[in-house]
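Fold and contact review
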Amino acid sequence: MKLTGAEIVIKALEYEGVEVVFGYPGGAVIPLYDKLYDSSLRHVLVRHEQGAAHAADGYARATGKTGVVFATSGPGATNLVTGIATAYMDSVPLVAFTGQVVLSSIGRDSFQEADITGITLPIVKHSYLVRDVDQLAATIRAAFHLAGTGRRGPVLIDLPKDVTLAQAEFSYPPQVSFRGYRPSGDCNTSQIYKAAKAIGMSRKPVIYAGGGVVASEAAEELRELAETARIPVTTTLMGKGVFPEEHPLSLGMLGMHGTVYANYAISHCDLIIACGARFDDRVTGRLDTFAPQAKIIHIDIDPAEIGKNVRVHYPLNGDVKTILRELIPRIELPQTEEWIEQIARWKKEHPLSYRQEGEVIKPQYVIEKICELVGEEAIVTTEVGQNQMWAAQYYRVTRPRRFITSGGLGTMGYGLPAAVGAQIGCPDALVINISGDGSFQMNLQELATIVQCRLPVKIAILNNGYLGMVRQWQELFHNKRYSQTELIPVPDFVKLAEAYGIAGFRARRPEDVVPVLERGLAHPGPVLMDFVVDREENVYPMVPPGESITKMVGG
Ligand SMILES: Cc1ncc(C[n+]2csc(CCOP(=O)(O)OP(=O)(O)O)c2C)c(N)n1
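Residues numbered from 1 in each chain as written. Predicted model: local features only at pLDDT ≥ 70, side-chain atom pairs only at ≥ 80, totals over all residues. Heavy atoms only, no water.

**Overview of the domain arrangement of the protein**
To be explicit about the condition: Note that the domain bounds reflect an automated or database-derived domain assignment. Residues count as neighbours in contact if any of their non-hydrogen atoms are within 4.5 Å of one another. In this description, buried area is defined as the sum, over both parts, of the accessible area (probe of 1.4 Å) that is lost when the two are combined.
Taken domain by domain, the protein consists of domain 1 (2-169), domain 2 (189-350) and domain 3 (363-532). Here the C-alpha centre of domain 2 lies 37 Å away from the C-alpha centre of domain 1. Contact with domain 1, which involves 6 residues of that partner, is made by 6 residues of domain 2. Here domain 1 packs against domain 2, burying approximately 550 Å² in sum over the two surfaces, 49% of which is carbon and sulfur.

The structure is reproduced here in structure tokens:
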């Protein structure tokens with residue numbers, strides 16, 4: 001039986017096991033939305049396409065499944081761009097379907113035409129413009145395969161309206177393969193032996209774990225490696241949760257706003273075991289002084305990452321979980337007692353610290369209290385800026401997929417829609433968005449989505465009336481010239497929440513923090529909690545830009 005292109009899309013999504021699509025309709029995708037109407041797929045109607053992309057991304061990060069987005073042509077498609085770039089930078093599996101003008105209108109500057117495959121070229125794993133309905137099912141199959149294997153990432157499928165209306169026989173290919181695409185890597189056993197030997201010989205090893213450990217579901221293996229060989233673990237922002245942050249071997253996050261002891265450890269170690277992490281500049285600081293005595297083992301699914309930023313001595317290209325499973329039984333245990341004692345001294349001398357005193361709420365205090373009150377199963381999403389870094393420092397995560405944040409692109413406005421996606425994917429979890437007042441104002445329209453979908457998302461705004469992180473840089477490096485970073489007036493967020501039908505609470509004094517959190521968390525529906533915090537508090541420690549990571553200020 002022949003199906004229309006739109007029917008093929010829906011059927012293919014069902015074959016892929018997709019349960020939910022995030023999107024926003026428009027002229028070019030009306031045929032698709034018409035077929036959606038009869039399908040069993042759940043559609044989450046956002047209020048801006050950027051919100052759809054971030055929500056699908058949050059869903060993917062929280063569940064490990066591939067997120068799916070629908071948008072119309074032209075402005076609908078271009079509104080997805082920031083969300084697609086965010087997913088690309090953090091290797092999140094996403095398939096985005098965009099409407100396109102009819103085939104005969106392409107290239108004529110037609111109404112709502114945008115060359116979205118061209119526009120997104122550098123920020124997708126792959127993209128397709130489907131010109132022939134006969135190719136559609138196979139294209140979708142390929143798109144899901146690419147998005148969800150190897151180094152995950154977004155794939156875009158641009159659908160001309162007439163292709164969605166045309167008809168074809170439906171057959172869904174059981175398998176796909178691409179020449180030259182080796183998603184599982186090419187690591188061989190002899191490389192693993194060499195790396196295992198290097199671990200055995202080391203005296204000051206550090207495991208440096210990133211988002212790749214989350215993607216490959218390798219947290220258990222990582223823990224086994226750390227515990228059996230007694231090796232301390234530091235994680236990136238994307239790796240938060242892959243190793244329990246309460247664990248005595250945990251060093252917390254490293255890098256620009258990492259802990260002093262993590263930065264000292266990586267700087268003084270003799271071996272780095274990098275697992276699914278990419279030596280980002282926020283981690284390494286000045287490259288020529290990064291980990292000067294260290295040999296580097298780099299386990300990564302993407303061969304292009306190995307040797308990109310630092311010289312790697314033991315390249316292990318492949319899936320982190322598979323490689324760790326082969327590596328662990330082959331290592332001889334290194335002698336790390338002295339090293340661990342040294343690290344314990346650093347931990348004691350340079351703990352993360354702040355002081356809650358006086359009449360003003362310290363933002364770190366709010367995060368610490370959230371962490372105490374919400375429990376291990378909660379999912380935290382963050383915005384970008386100081387709120388994100390304080391959350392990274394003071395909210396301790398014990399499991400993967402419980403801390404969701406835009407690391408690579410650093411997208412303000414990410415956290416609220418990502419919370420929508422996480423809550424849809426994990427309906428029973430407590431989902432809390434930690435936000436700055438600036439970031440919140442970037443996608444606050446998604447409050448309506450929260451209400452429409454009856455999502456019990458909790459929002460905690462650290463309200464400092466500034467674009468805090470930029471203000472901090474202006475304070476420290478530009479002589480307090482606060483150019484365009486004061487966001488006054490800040491709207492009355494409580495009233496704003498109420499205007500959307502959401503409960504709102506405010507805390508102005510330190511003694512209000514816990515009661516507001518308790519009330520907010522106990523409330524069954526969505527809640528916005530506005531914490532009016534110290535306006536000029538800074539995130540410390542901080543590695544000044546372009547400096548070596550041992551040169552932290554305020555640590
Ligand atoms: C879309 C976007 N625009 C600009 C920036 C640059 N930027 C980084 S942090 C920041 C300030 C964030 O302010 P706010 O959300 O109020 O959080 P705070 O730092 O005060 O916690 C800005 C403007 C960004 N990351 N993303």
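**Some details on the UniProt feature "domain: Thiamine pyrophosphate enzyme TPP-binding" (unreviewed entry) in the protein**
Put simply, the test is: UniProt positions are given in the numbering used here, feature names are shortened, and annotations may be inferred rather than shown by experiment. The helix count covers DSSP runs of H or I at least four residues long, the strand count covers runs of E at least two residues long, and both are numbered beginning at the N terminus.
Taking the numbering used here, the UniProt-annotated feature "domain: Thiamine pyrophosphate enzyme TPP-binding" (unreviewed entry) corresponds to residues 384-530. Its end C-alpha atoms 17 Å apart, residues 384-530 is made of 41% helix and 16% strand.

**Section: the site of the ligand**
Convention followed: Here, proximity means that at least one heavy atom of the residue falls within 4 Å of the molecule or strand. We define a polar contact as two N or O atoms separated by no more than 3.5 Å, with the added condition that, inside protein, one atom must be a possible hydrogen donor and the other a possible acceptor, whereas residues neighbouring each other in sequence contribute only through side-chain atom pairs. Residue-level accessible areas treat just the shown protein chains as cover; the underlying method is Shrake-Rupley with a 1.4 Å probe. Residue polarity follows a fixed list, in which Ala, Val, Leu, Ile, Met, Phe, Trp, Tyr, Cys and Pro are nonpolar, Asp, Glu, Lys and Arg are charged, and the others, Gly among them, are polar.
Around the ligand, the surrounding shell holds 17 residues, and the nearest of these are Gln386, Gly410, Gly438, Ser439 and Gly468. Between glycine 410 and the ligand, the recorded distance is 2.8 Å, taken from a backbone N or O atom to a nitrogen atom. Within the contact set of the ligand, an oxygen atom lies 2.6 Å away from a backbone nitrogen or oxygen of serine 439. Expressed as a share of its isolated accessible area of 590 Å², the protein-covered part of the ligand is 76%. Of all the secondary-structure elements, those providing two or more residues to the shell around the ligand are α17 (386-394), α19 (437-440) and α21 (468-477). Taken together, the residues of the shell around the ligand sort by class into 7 nonpolar, 9 polar and 1 charged.

**Regarding α17**
Threshold: Only protein chains enter the accessibility calculation, which uses a 1.4 Å probe; a residue is then buried when its area is under 20% of its type maximum, exposed when over 50%, and partly exposed in between.
The element α17 is largely enclosed, with a buried count of 9 among its 9 residues. Among the residues of α17, those classed as buried are Gln386, Asn387, Gln388, Met389, Trp390, Ala391, Ala392, Gln393 and Tyr394.

**Examining a nonpolar patch on the surface**
As a reminder, the rule being used: Each patch is built from salt-bridge-free residues with over 30% relative accessible area, joining like charges within 9 Å and nonpolar side chains (Val, Leu, Ile, Met, Phe, Trp, Tyr) within 5 Å. Salt bridges are defined by distance alone: a side-chain nitrogen of Lys or Arg within 4 Å of a carboxyl oxygen of Asp or Glu.
On the surface, a cluster of nonpolar side chains totalling about 240 Å² of accessible area is made up of Tyr88, Met89 and Leu409. By the element assignment, tyrosine 88 lies in helix α5 (residues 81-89).

**Things to note about the pairing of strand β9 (residues 205-209)**
Applied cut-off: A pair of strands is labelled paired if DSSP reports no fewer than 2 bridges between them.
With respect to burial, β9 is a largely interior element, 5 of its 5 residues being buried. Here β9 shows no split at all, with Pro205, Ile207 and Ala209 on one side and Val206 and Tyr208 on the other all buried. The pairing of β9 with strand β12 (residues 271-275) spans 5 bridges and is parallel. Considered in β12, the bridge of isoleucine 207 is made with isoleucine 273. Of the pairings in the sheet, the one linking β9 to strand β10 (residues 233-235) comprises 3 bridges and is parallel in character.

**Here's the deal with the packing of helix α11 (residues 219-229) against helix α14 (residues 320-327)**
Rule in force here: Fitted lines through C-alpha atoms give the axes, limited to the stretch in contact for helices. The angle between two N-to-C directions lies from 0 to 180 degrees. In this scheme the handedness of a crossing depends on how the near helix is turned from the far one: anticlockwise by less than a right angle means left-handed, clockwise means right-handed.
Two elements in contact, α11 and α14, have axes separated by 9 Å at closest approach and are oriented at 35°. α14 is crossed by α11, and the crossing has left-handed handedness. For the pair α11 and α14, the contacting residues are Glu221, Leu222 and Leu225 in the first and Lys321, Leu324 and Arg325 in the second. Class assignment of the residues belonging to the contact of α11 with α14 gives a composition of 3 nonpolar, no polar and 3 charged.

**Focus on the side chain of threonine 382**
Among the structural elements, threonine 382 can be located in strand β15 (residues 379-382). Only 2.6 Å separates the side chain of threonine 382 from the side chain of threonine 405, close enough to count as a polar contact.

**Quick notes on the UniProt feature "domain: Thiamine pyrophosphate enzyme N-terminal TPP-binding" (unreviewed entry) in the protein**
According to UniProt, the "domain: Thiamine pyrophosphate enzyme N-terminal TPP-binding" (unreviewed entry) feature falls on residues 4-117. For residues 4-117, helix accounts for 42% and strand for 18%, while the C-alpha atoms at its two ends are 23 Å apart.

**Some words on the nonpolar core**
Convention followed: In this text, buried Ala, Val, Leu, Ile, Met, Phe, Trp, Tyr and Cys residues form a nonpolar core when linked through side-chain atoms within 4.5 Å.
Of all hydrophobic cores here, the largest spans 50 residues; its most connected members are Phe22, Ile379, Ile424, Phe440, Ile450, Ile459 and Leu528. With 7 residues, the top contributor of residues to this core is helix α3 (residues 49-63). Lining this core are residues from two domains, each supplying at least three of them: domain 1 (2-169) and domain 3 (363-532). Other than its neighbours up to four places away in sequence, leucine 528 contacts Phe440, Ile459, Ile461, Phe493, Ala497, Ile502, Ala503, Gly504 and Phe505.

**Re the sheet that holds strand β16 (residues 403-404)**
Spatial strand order, β16-β15-β17-β18-β20-β19: 6 strands in an open sheet with parallel pairing. In the strand order of this sheet, the two ends are held by β16 and β19 (503-507), each with one partner. Both β15 and β16 contribute to a ladder of 2 bridges, which runs parallel. From the neighbouring strand, threonine 381 faces β16, where its bridge partner is isoleucine 404. Running over the sheet, α17 touches β15, β16, β17 (431-436) and β18 (458-463) and is turned about 130° from β17.

**Considering the side chain of threonine 86**
By secondary structure assignment, the location of threonine 86 is in helix α5. Setting aside chain neighbours within four positions, we find threonine 86 in contact with His54, Asp57, Arg61, Ser406, Leu409, Thr411 and Tyr414.

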